[in-house]
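Tertiary structure, described
Chain by chain, the residues:
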Amino acid sequence: MNTMTYKGYLGSVAYSEKDNIFFGKIEGIDGLVNFEGESVSELKAAFHEAVDDYLAYCEEEGITPTKAYSGVLHLRITPETHRRLAMLAKQKGISINSYVRNEIVNKTDKAFA
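Reading guide: rules and limits
- Residues numbered from 1 in each chain as written.
- Predicted model: local features only at pLDDT ≥ 70, side-chain atom pairs only at ≥ 80, totals over all residues.
- Heavy atoms only, no water.
- Pairing = 2+ DSSP bridges.
- Helix = DSSP H or I, 4+ residues; strand = E, 2+ residues; numbered from the N terminus.
- Axes fitted to C-alpha atoms, helices over the stretch in contact; angles between N-to-C directions.
- Contact = heavy atoms within 4.5 Å.
- Buried < 20%, exposed > 50% of the residue type's maximum accessible area, 1.4 Å probe, protein only.
- Polar contact = N/O pair within 3.5 Å; in protein donor to acceptor, adjacent residues only side chain to side chain.

Strands sit in the order β1-β2-β3-β4 across an open sheet of four strands; the sheet is antiparallel. Each edge of the open sheet carries a strand with a single partner, namely β1 (2-6) and β4 (34-37). Looking at each pair of strands side by side, their axes are set apart by 30 degrees on average, direction ignored. Here helix α1 (residues 40-61) sits on the sheet and contacts β1, β2 (9-16), β3 (21-27) and β4; the angle it forms with β4, its principal contact strand, is near 155 degrees.

Structure follows, in structure tokens:
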């Protein structure tokens, strides 16, 4: 998936050959906010305007502008991967949950730094 970012918000980007237009939506929010443009520069400007309008709307309405996530994540992995993960966690003296959480936090912190 192609994406763009602005003010910490992620916009998904796609192209409609039929309509000869780029389009996208703001991801990670409660609601649907779309944007479109006939060129990359138009699409980028429309995305920025959509984010700014969305933030202004949220402020006016007293709405939290980001989507709420539960913090619970269920994963399906192979039994062999599960075994290896258990061994890695045991070597560190922590639970599998703590090991996975630490790895995810480290990777996401680096990605958003």
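We are not done yet, so read on.
Attention now moves to the side chain of Ser16. Among the secondary structure elements, Ser16 is positioned in strand β2. On the accessibility criterion, Ser16 (13% relative accessible area) is buried. At a separation of 3.1 Å, a polar atom in the side chain of Ser16 contacts the main-chain amide nitrogen of Asp19. Once you skip the residues sitting within four places of it in the chain, Ser16 turns out to touch Ile21 and Phe23.

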